[in-house]
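Per-entry structural report
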Number of protein chains: 2
Amino acid sequence: MGQSQKESMFEFILFKQDKNTGARRGRIVTLRGAIETPVFMPVGTQGTVKAMTPEDLIDAGSQIILANTFHLHLRPGEEVIASLGGLHKFMHWERPILTDSGGFQVFSLSELNKITPEGVEFKSPIDGSLRFFSPEKVIGIQRNLGSDIMMPLDECPPPGVSWEYTKDSLELTLRWLKRCKEEFQKTQRGQNQVLFGIAQGGFYEDLRRASAEGTVALDLPGYSIGGLSVGEEKNITYDMLEITCGILPKDRPRYLMGVGTPADFISAVARGVDMFDCVLPTRNARNGALLTNEGVLKIRNAEFRDDPRPISETCGCYTCRHYSRAYLRHLYYAKEILSSRLNTIHNIYFMNDFMRRLRQAIDDDKFDEFRSANEQSMANGSDA
Amino acid sequence: MGQSQKESMFEFILFKQDKNTGARRGRIVTLRGAIETPVFMPVGTQGTVKAMTPEDLIDAGSQIILANTFHLHLRPGEEVIASLGGLHKFMHWERPILTDSGGFQVFSLSELNKITPEGVEFKSPIDGSLRFFSPEKVIGIQRNLGSDIMMPLDECPPPGVSWEYTKDSLELTLRWLKRCKEEFQKTQRGQNQVLFGIAQGGFYEDLRRASAEGTVALDLPGYSIGGLSVGEEKNITYDMLEITCGILPKDRPRYLMGVGTPADFISAVARGVDMFDCVLPTRNARNGALLTNEGVLKIRNAEFRDDPRPISETCGCYTCRHYSRAYLRHLYYAKEILSSRLNTIHNIYFMNDFMRRLRQAIDDDKFDEFRSANEQSMANGSDA
């Protein structure tokens, strides 16, 4: 058991290991509720899953959401959120929250970042002000937010960098993780928060291995797998994932960061992943790309002009129970706010329901059947 | 009783007439539900009250909503809506709907309109196509929409036009109303729809009188009062309203079109008005202007940065029960969809609750007290 589990209410129960694949059924227990795994986590970047109330999220079957340290630090600021009782109270969401460290956003969304052993300097995209994230700083921010699962600061190197760069980067990430853990322990005063580690290593087998081993050596209650949401060929991505999962301990949850489509979820679950987040279902919803078992339905298409059917005849979501494709198409073209909302309700419900069915398949020793039945039809899930 | 009442389920029950003012308590009974009056009707221009589901509207106390013939004719088209079972089913709203005739929008939103005795020609602001509204056409559109209360085509002359122009205009509107009524009767086949008349007359006493008398002569189940939402001095507006209400029969509901603020509602109710619609609470909500008993609260203000209080301590709406001013300010600056939604829930609840309290005051013979207690604090309700 890691340091955090001794001091916080956080438990991972592994119910079942699939016989033929790496797929596993588990449950993460926190004070704010249990999370059945494998699980999809909707992304609530700015302290709201876009267009959704917490009640909508619960209706759609959500167990845990993700929030962004980077965005909430810049606006409204973690001190404001802390003064209002923490992020859960601020946004009226009582179930678990996972916060990222902001590292990914620093490298992808902000200008002028300078990486030093101490941390990373960047320019706020909101007001251009100079900001600095150190391992200690991001732990402090997440303490203020009060998230249930915290992430350490890591460097996310851009795709295509050299072996040498990747090696230096993963070593920096490991040193930062050590400092994050120390800061976490120093600031642990009975809060129910835990800190995960993040394994990186780019697209190099030996570096994936080195990063996973170095991360596991720090004995944390859960492990994230980073750097695999960038555009590489799927088979290489899954090779890297397999190497990492082979090293991560079986008794800790594994979180594949920022991936991806339902088809990706199946492939990653088969390699032993338990947790997923992705903006795809929410972003696609706002663009009128709706997830179904038969692939993506583009609501703007002329064929739906007077189509009385719901998005999916077999879907039980609020949107499918009450609205036609024709109405959703109308709202989309009229640029109505309700368009984003009804579409998001459907896509989040779809993802949660997809994971529920996937869990059921593992429970029933039918993961292989679920995989072959769904992998093909889901393949175009990212096409928006 | 008017023609419509004989053929449709539509009844207006007048419970009480205030002793000191023109204020009255009534109930409109339709097959889709009863409407306690005086009533505020949220505006659902494009077949949705912006950012709200029907469930949100009901939670916020809405009894009836308004939809726009002009917008729904242009997109998605009334035939599409009819083929899907009518507007109620299309938008999943089971309570009464009032549709305007589109006349106001033709004159305010579209280009190149040409008025002839036959009707009015205009250019679609969506695709520039040439369109034509006749009295018969707007009845046909509203038959397809299936609204519970329909409006006749009227001309809305711009503010400041001459006595001569206004006289010609109201006579045209009367001729159109006669044709609307004939078309209504010709197409009445057991639908539960009624047609109101619209009294115009600009800001000329004698023309207000002539228009009201001519309209009442056509014996309709309810009467709208048009042309008073434009920017004239309040006291002149209320003089015109008083003249019109003095002529309208007591046993029919009176609807003041497109007005206005809570303070306006009090003044108009005091002169005998029963029904109101206005985009103010929904539009203001999206601009962060929130209605309270103490006037408008601008959520963007710096003072709310870490304010843990709800918009109003005495408000029972979903937003006030769960969210702080600080959170609402954050959502506003982050341009989150949830900002429009939570703010709209509050403003519609406020308006409905304001009308509920106003009705209670009439019931309790306390309208004068309600008026003096609220008129002052409400005076800045339009300031957004």
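Residues numbered from 1 in each chain as written. Chains lettered and ligands numbered in written order. Predicted model: local features only at pLDDT ≥ 70, side-chain atom pairs only at ≥ 80, totals over all residues.

Attention shifts here to the overall build of chain A. The secondary structure content of chain A amounts to 16 helices and 17 strands. For chain A, the C-alpha radius of gyration of 20 Å lies close to 21 Å, the compact-globule estimate for 384 residues. In terms of overall dimensions, chain A has C-alpha extents of about 60 × 50 × 40 Å along its principal axes. Here chain A holds 384 residues, and the buried ones make up 56% of them. Sequence-distant contacts, at least 24 apart, represent 68% of the contacts inside chain A between residues at least 6 apart. (Helix = DSSP H or I, 4+ residues; strand = E, 2+ residues; numbered from the N terminus. Rg over C-alpha atoms; globule rule 2.2 N^0.38 Å. Buried ≥ 20, exposed ≤ 12 C-beta atoms within 10 Å, placed from the backbone. Contact = placed C-beta atoms within 7 Å.)

Here the focus is the sheet that holds strand β4 (residues 39-41) of chain B. All names here are of chain B. An order of β4-β15-β14-β13-β12 is seen for the 5 strands of this open sheet, with the pairing classed as parallel. Whereas interior strands pair on both sides, the edge strands pair on one side only; in this sheet they are β4 and β12 (197-199). Adjacent strand axes in the sheet meet at a mean angle of 25° when their direction is disregarded. The pairing of strand β14 (residues 254-256) with strand β15 (residues 275-277) spans 2 bridges and is classified as parallel. Bridging across to β15, Y255 finds its partner in M275. (Pairing = 2+ DSSP bridges. Axes fitted to C-alpha atoms, helices over the stretch in contact; angles between N-to-C directions.)

Expressed as a screw transformation, the operator carrying chain B onto chain A has a rotation angle of 180° and an axial translation of 0.0 Å, and the superposed copies differ by an RMSD of 0.0 Å. The transformation just described matches what one would write down for a two-fold rotation axis. Minimal C-alpha distance to the rotation axis in chain B is attained by B:I337, lying at 3.5 Å. Both copies present the same face, since 100% of the interface residues in chain B are matched by interface residues at the equivalent positions in chain A. (Least-squares fit on C-alpha atoms with pLDDT ≥ 70 in both.)

Once that is clear, we can look at the interface of chain B and chain A. Chain B puts 31 residues into the contact, and the matching count from chain A is 31 residues. For the side of chain B that touches chain A, the elements supplying multiple residues, two or more each, are α4 (78-83), α5 (87-91), α14 (325-333) and α15 (337-363) of chain B. In terms of residue count, the dominant contributor to the side of chain B that touches chain A is α14(B) (5 residues). When its residues are assigned to classes, the side of chain B that touches chain A shows 15 nonpolar, 10 polar and 6 charged. (Nonpolar A, V, L, I, M, F, W, Y, C, P; charged D, E, K, R; others polar.)

Next up on the list: the nonpolar core. In a soluble, globular protein the nonpolar side chains are often hidden away together inside. Grouped together as the largest cluster of nonpolar side chains are 218 residues, with contacts concentrated most on A:L256 and B:L256. B:L256 has contacts with B:I225, B:L228, B:L241, B:A268, B:V273 and B:F276, leaving out every residue within four places of it along the chain. (Core = buried A, V, L, I, M, F, W, Y, C linked by C-beta atoms within 7 Å.)

What follows deals with helix α9 (residues 205-216) of chain B. All names here are of chain B. Counted at 1.5 Å a residue, the expected span for α9 with its 12 residues is 16 Å, and the 17 Å between its end C-alpha atoms agrees. All buried positions along α9 are accounted for by L207, R208, A210, S211, A212, G214 and T215. Summarising the contacts, the buried residues of α9 are in contact with α8 (163-186), β12, β13 (223-225) and α10 (234-247). (Expected span 1.5 Å × (residues − 1).)

Further remarks concern the confidence of the model for chain A. The predicted coordinates should not be examined in detail at positions where pLDDT is low. Residue and element names in this part refer to chain A. Summary statistics for chain A give a mean pLDDT of 94 and a share of 95% for residues scoring 70 or more. Predicted confidence for residues 1-5 stays below pLDDT 50, and this span has 14 contacts to residues more than four positions away or in other chains. Reported confidence for the predicted complex is 0.95 by ipTM and 0.95 by pTM. (pLDDT = per-residue confidence, 0-100.)

Once that is clear, we can look at the pairing of strand β3 (residues 33-37) of chain B. All names here are of chain B. Bridge count between strand β2 (residues 24-30) and β3: 5 bridges; the pairing is antiparallel. Following the sheet pairing, I28 is matched in β3 by I35. With antiparallel pairing between neighbouring strands as the criterion, β2 and β3 make up a hairpin whose turn holds 2 residues.

Residue and element names in this part refer to chain A. Residues V120 and F122 point to one face of strand β8 (residues 120-123) and are all buried, whereas E121 and K123, pointing to the other face, are not buried. Pairing geometry for β8 and strand β9 (residues 130-133), over 4 bridges, is antiparallel. Bridged to F122 within β9 is R131. Between β8 and β9, which pair antiparallel one after the other, the connecting turn spans 6 residues, and G128 there sits at a positive phi close to 75°.

With that settled, consider the sheet that holds β2(B). All names here are of chain B. Sheet architecture is open: 3 strands sit in the order β1-β2-β3, paired in antiparallel fashion. Pairing within the sheet leaves two strands with one partner each, and these edge strands are β1 (10-17) and β3. Between one strand and the next, the sheet's axes are offset by a mean angle of 15°, whatever the strand orientation. Pairing between β1 and β2: 7 bridges, direction antiparallel. Within β2, the residue paired with Q17 across the bridge is R24. Sitting on the sheet, α15 is in contact with β1, β2 and β3, with an inclination near 120° to β2.

Tracing the sequence through the fold places B:T53 in the loop between β4 and α2 (54-59). Between the C-alpha atom of B:T53 and that of B:M91, which follows or precedes it by 38 residues, the distance is 8.9 Å.

Looking now at unusual backbone geometry. Between A:R75 and the following residue, A:P76, the backbone shows a cis peptide bond with an omega angle of 10°. Along the polypeptide, A:P76 turns up in the loop between α3 (69-74) and α4 (78-83). Located in the positive-phi region is B:A51, a residue other than glycine, with phi close to 80°. Relative to the helices and strands, B:A51 resides in the loop between β4 and α2. The phi dihedral of B:D219 falls on the positive side, at around 55°, and the residue is not glycine.

On to the environment of B:R300. Residue and element names in this part refer to chain B. You can see R300 is positioned in the loop between β17 (295-298) and α13 (318-322). The exposed category is assigned to R300, around which 12 C-beta atoms lie within 10 Å. If we ignore the near neighbours within four places in the chain, the residues touching R300 are G288, R329 and Y332.

A few words on helix α7 (residues 135-145) of chain A. Residues separated by three or four positions in an α-helix point in the same direction, a consequence of the helix having 3.6 residues per turn. α7(A) sits mainly inside the fold: 8 of its 11 residues count as buried. Phi turns positive one or two residues past the end of α7(A), at A:G146, with a value near 80°.

Residue and element names in this part refer to chain A. Between α7 and helix α8 (residues 163-186), the shortest axis-to-axis distance is 8 Å and the interhelical angle comes to 45°. Classified by the interaxial angle, the pair formed by α7 and α8 is oblique. Seen from above, α7 lies across α8 with right-handed handedness. Mapping the contact onto sequence places P135, E136 and I139 in α7 and W176, R179, C180, E183 and F184 in α8. Counted by class, the contact of α7 with α8 contains 5 nonpolar, no polar and 3 charged residues. (Parallel < 35°, antiparallel > 145°, perpendicular 65-115°, else oblique. Left-handed = near helix turned anticlockwise from the far one by under 90°.)

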